[in-house]
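Breakdown of the fold
Residue-level listing of the chains:
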2 protein chains.
Amino acid sequence: MRYTRAFIHTFYETPKEAETPSHIFLLRGSYIYPVAAGIYTLLPLGHRVAEKIKKILREEMDGIEGQEVTMPVVNPAELWKKTKRYYDIGPELFRFHDRKNREFVLAMTHEEVITDVAKQFIKSYRDMPVMLYQIQTKVRDEARPRGGLLRVREFTMKDGYSFHPDFEDLDRYYPRVYNAYLRIFARCGLEAIPIEADTGIMGGTGSHEFMLPSDYGEDRFVTCSHCSYRANTEKAVGEKKVPENLLNENPPPVEEVSTPGITTIAQLMDFFGISREGFLKTVAYEADGKLVIAAIRGDFDISETKLANRLKAVKLELASEETLREKGLYGGFLSPVGLKGKVTVIVDESATLPIPFIAGGNKPDVHLKNVLYGRDFQADDVADIAEVREGDTCLQCREGTLSIKRGIELGHTFKLGIKYTAEDTMDVQYLDSQGNMQRVVMGCYGIGVERLMAAVVERWHDDAGIIWPVTVAPYQVILIPIGQRDNVLNTAQACYEMLKNRFEVLWDDRNESPGVKFKDADLLGIPLRVVVSQRLLESNSVEIKVRKTGEIFECPVNELVARLESIIKELTPQLEGLPYMEEEQI
Amino acid sequence: MRYTRAFIHTFYETPKEAETPSHIFLLRGSYIYPVAAGIYTLLPLGHRVAEKIKKILREEMDGIEGQEVTMPVVNPAELWKKTKRYYDIGPELFRFHDRKNREFVLAMTHEEVITDVAKQFIKSYRDMPVMLYQIQTKVRDEARPRGGLLRVREFTMKDGYSFHPDFEDLDRYYPRVYNAYLRIFARCGLEAIPIEADTGIMGGTGSHEFMLPSDYGEDRFVTCSHCSYRANTEKAVGEKKVPENLLNENPPPVEEVSTPGITTIAQLMDFFGISREGFLKTVAYEADGKLVIAAIRGDFDISETKLANRLKAVKLELASEETLREKGLYGGFLSPVGLKGKVTVIVDESATLPIPFIAGGNKPDVHLKNVLYGRDFQADDVADIAEVREGDTCLQCREGTLSIKRGIELGHTFKLGIKYTAEDTMDVQYLDSQGNMQRVVMGCYGIGVERLMAAVVERWHDDAGIIWPVTVAPYQVILIPIGQRDNVLNTAQACYEMLKNRFEVLWDDRNESPGVKFKDADLLGIPLRVVVSQRLLESNSVEIKVRKTGEIFECPVNELVARLESIIKELTPQLEGLPYMEEEQI
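What counts and how
- Residues numbered from 1 in each chain as written.
- Chains lettered and ligands numbered in written order.
- Predicted model: local features only at pLDDT ≥ 70, side-chain atom pairs only at ≥ 80, totals over all residues.
- Heavy atoms only, no water.
- Salt bridge = Lys/Arg side-chain N within 4 Å of Asp/Glu carboxyl O.
- Buried < 20%, exposed > 50% of the residue type's maximum accessible area, 1.4 Å probe, protein only.
- Pairing = 2+ DSSP bridges.
- Helix = DSSP H or I, 4+ residues; strand = E, 2+ residues; numbered from the N terminus.
- Axes fitted to C-alpha atoms, helices over the stretch in contact; angles between N-to-C directions.
- Contact = heavy atoms within 4.5 Å.
- Buried area = accessible area lost by both parts, 1.4 Å probe.
- Least-squares fit on C-alpha atoms with pLDDT ≥ 70 in both.
- Expected span 1.5 Å × (residues − 1).
- Bend = angle between axes of the 7 residues up to and from the residue.
- Polar contact = N/O pair within 3.5 Å; in protein donor to acceptor, adjacent residues only side chain to side chain.

1. Quick notes on the pattern of salt bridges
Residues and elements named next belong to chain A.
- Counted under the stated rule, the structure contains 96 salt bridges over all chains.
- In this structure, Arg297 engages Asp299 in a salt bridge whose closest nitrogen and oxygen atoms are separated by 2.9 Å.
- On the basis of relative accessible area, Asp299 is assigned to the buried category, the value being 14%.
- In this structure, Asp427 and Arg439 form a salt bridge, with 2.9 Å as the shortest nitrogen-oxygen distance.

2. As for the sheet that holds strand S30 (residues 541-546) of chain B
All names here are of chain B.
- Judged by pairing direction, the sheet is mixed, and its five strands sit side by side in the order S28-S27-S29-S30-S31 without closing on themselves. The open sheet has two free edges, formed respectively by strand S28 (505-507) and strand S31 (552-556), since each of these has just one partner strand. Here the average twist between neighbouring strands, direction ignored, is 25°.
- Direction of pairing for strand S27 (residues 477-481) relative to strand S29 (residues 528-532): parallel, over a ladder of five bridges. Residue pairing across strands places Pro481 opposite Val532, the latter belonging to S29.
- Contacting S27, S28, S29 and S30, helix H11 (residues 486-499) runs over the sheet at an angle of about 165° to S27.

3. Observations concerning the side chain of Asn362 of chain B
- Tracing the backbone through its elements, the reader meets Asn362 of chain B in the loop between strand S18 (357-360) and strand S19 (366-371).
- Other than its neighbours up to four places away in sequence, Asn362 of chain B contacts Gly328, Leu329, Tyr330, Phe333, Leu334, Ser335, Val337 and Leu339 of chain B.

4. Details of the interface of chain B and chain A
- In this complex, chain B contributes 58 residues to the contact, which on the side of chain A involves 58 residues.
- Summed over both partners, the interface of chain B with chain A comes to about 5000 Å²; 61% of that surface belongs to carbon and sulfur atoms.
- Along the contact surface separating chain B from chain A lie six salt bridges.
- Of the charged contacts, one joins Arg5 of chain A and Glu65 of chain B as a salt bridge, the two residues approaching to 2.2 Å between their closest N and O atoms.

5. Quick word on the side chain of Thr259 of chain B
- Secondary-structure assignment places Thr259 of chain B in the loop between strand S13 (255-258) and helix H7 (265-272).
- Residue contacts for Thr259 of chain B: discarding those within four places in its chain leaves Phe271, Phe272, Phe333, Asp365, Val366 and His367 of chain B.

6. Focus: the relation of the copies chain B and chain A
- Screw-axis analysis of chain B against chain A gives a translation of 0.1 Å along the axis, an RMSD of 0.2 Å, and a rotation angle of 180°. Such values leave the two copies arranged in the relation of a two-fold axis. In terms of C-alpha distance to the rotation axis, chain B has Phe96 of chain B as its closest residue, with the C-alpha 2.9 Å off the axis.

7. Here's the deal with the pairing of strand S7 (residues 130-139) of chain A
Residue and element names in this part refer to chain A.
- Counting buried residues in S7 gives 10 out of 10 residues, a clear majority hidden from the surface.
- Judged from the 10 bridges that link them, S7 and strand S8 (residues 154-164) form a sheet pairing that is antiparallel. If you follow Gln136 over to S8, its bridge partner there is Met157.

8. Considering helix H6 (residues 167-187) of chain A
Residue and element names in this part refer to chain A.
- Compared with the 30 Å implied by 1.5 Å per residue over 21 residues, the 30 Å span of H6 between its first and last C-alpha is a close match.
- Its maximal kink placed at Tyr173, H6 deviates by approximately 25°, while the proline Pro175 follows within four residues.
- The element H6 is extensively covered by neighbouring structure, given that 15 of its 21 residues are classed as buried.
- Sitting at the amino-terminal end of H6 is Asp166, which places a side-chain oxygen 3.3 Å from the backbone nitrogen of Glu168.
- Within two residues after H6, Gly189 carries a phi angle of roughly 90°, on the positive side.

See below:
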């Protein structure tokens, strides 16, 4: 492609709305153009990168026997009511009416539509396993679109759905998807870290997220310094060390203490002269409108995700002072003492040790001493509802310590189980080989194309611009003639003819200075730069620069193709040694 | 692909909701599955065909220097208000709000978004010409979705937009798109007839539709029996023969005739004893809320499309009796006599001849005789507002006669001109080589992928099923072993291994009878059927059947690849001899 014909319009100022490197460089390189908050047009360069990613997605999905379909963006609300997602999902789900006033939604994912297809066509055990996938537009009304393509309201998703005769078959197939995902990210130049994930509102029986560590990521995950344990902070557990010095099976009875004006934990620690571990932290929530009292040891924080999951609550928010007052409770002086039977009480494991806690008095300006689980307060449920902490000991190996990292979620795999095929949702059954009706078991698997593109830029850039991996670059080679002399231009044209059938070549035929051309080449991030100049031609050579390493060397014109081929081979990501999950040999 | 692994679920009953062959066979072959009225999932087979079509679209669009982009489905209403389409388009445009109550629409086409891109990036004459296109989801709330994929509410469109420094450059580029369109349809196995089209609400300076003649088509177009004239009935003109016997420059003055109870044209013809040509037919419309009186000679009907275009009216409907009464008029007894200056009067050319017409009396039960244009009634505008008629003489050659055909609109090309770049819409200007600001000129070009798929089936099917052209077939070859004998199965497998890297092969490895397998092969429409059987193996042969011609012949196993290749070559549509438009050599 000639640069003068290509729709490329770079600029050098940092756009004021852009903060993350991918947002800045994708805008500056004219890869994308904003249409509305969180809604973008992929310009020709951006489209080329997206197509490369889609090709990799297709190859890997086809490689695990995926069959591609296309489902619609516009979904009848009726289907979403069947699975209750119509009610469970908040304003992220766009809802509207057609001309006959029938309700529709814009699909965020396609469990409903694909399960309806499965219900229609999967009748026998012979029809499974089957993996159907698509690469298709998704729409979500995100509250805070940000970071260019990192979090948007409309995007392209590779979403796949597998159907199985039973859980064992899903368990057998799942590692193939997991491994295909690792290969997809690796082929795009990214080392994705698979972590155990929370299954959240999607439900299901097991789930992994594939994370790219990045300061601009919105997700947090823990890794163990010693073993292979990796998990989303929403699900991660660390060791909850026992404060041996505080243990006391038979403390004195509960005692009221007047604590006027003492409201912060720091003030309480001073007042009572004991450390955080000695306090019972109590928080009141409304879970789907119902009051819930959650208590945890003072050195921990409550994980609202864990709590919501434990309660199977779609909507969890802090209880208002008004709601508390209705039950005769006071924020700041809460404790679970005396509440069981009146409201739901859930207690973290850490607070069930025999520690005589300091707790709220359930009336203003009063705290209680010597509050003991079992003796002085009871729970409807005891569970892990604690936020994991940086430095916690790993529960898996009991040796390493956990550290918390920020990351970009690149993909997500779920063992959905029968969440969408159960009798009270879409009710999908088949006839097994014995002639008995059985329930279909599902998995679902998603990767966002534009986010993946942005993540590649987050991982691969420098101050001058993008450094595309050869596998996803819009062009592999940029050919730059220096000056306007005939023999330079003729050689450049000859090089272009020679290269264009083997590589994707952007030929910078502009009448611009070398400085401008080099700057644009770096900004655009084309992996290989080939320069043709008068000086080089005197030795019948051209110059190759490798964008990733910065290496520059001369190369005889007649060896150019071979050299470029060998460099591209070197630069192509390797697929050995990834943290693959073991696949059963079939 | 093994049939037992493929997501193929044929059935034999005609689905009750399906009427057209494409709808019936695409459902029966499990190519598509309905999600809601006019909204479909493309199942794996349908998706494969769509991908073939998209590949052809990309190759041809890239061949005319198109650069692919991806624009969003969700558009801010604000952009659509700028071009006024937000107000001009009726309920086909889905409208809704986001969580912050900002207005959005689902894009029916992308003039707004692409012109906004052009406004941002096209600054200089050096930036043009440029063609940007996409293959992307469109949503339209059609009043009457029908015919399976023929008219739907969500579909994939190849829409392209070209930007030019002036009209001459657009005129130079336009034939390249026109010819690419002819090649696209030809490569899909369709002989598209390009016709002059009405530009309708899209506006612009010239337009063609590419029609496939079909009884199930919703469009009507005329063709001349003698010359190359082809036009949409909404735009077509035929010769309006002069009824010489009725001409009379100086008829007696107007005379009132009482016509109580006479309301139909047939009754009037009887009563007055003259033919249709002697009557002045007058119809009252409301054009964007304004009363308009249209008059035409009695042997013609008014074309509402021509009338609306002439009036530049977005909304045209018959005037209500109530509206008429407000102006003292009576339906059934209308004439333009005495109305000029009171309401807008538009008269077809046919009614301006010196014919003393019989016309309505503008009061109940009264008609007028000897009404003469110029003398007795005047017009604000004289124009061609007549519906073309079957059998009219062609105006272009004055020799042939016009016939009216039904057709499926496969594609549409528009010279938009400055409709979207004008000052009062998106206002897109650039700096020419002399340093002067000039307005950007546009073209736009669209093809619906799913409709094209359905059109191929309308054109290529028989009673047994689809007959895919080799270029768009989901698989080119279906390999059918007969029976379960080892040598048959082994030979089938060997054939599969031999063929699979050269062709897309569907290997029918089911344990089904030959009858079932043959029936499915015909229904699915795979172009080439290869049968392996015990009998054939005795002579070391297999059998090839060509779906299109029905020819069956034996072929030695070792010649199979070469034979299939040569048949596919023969079956591949030729691109010579299409009715190409002349391109300027650049």
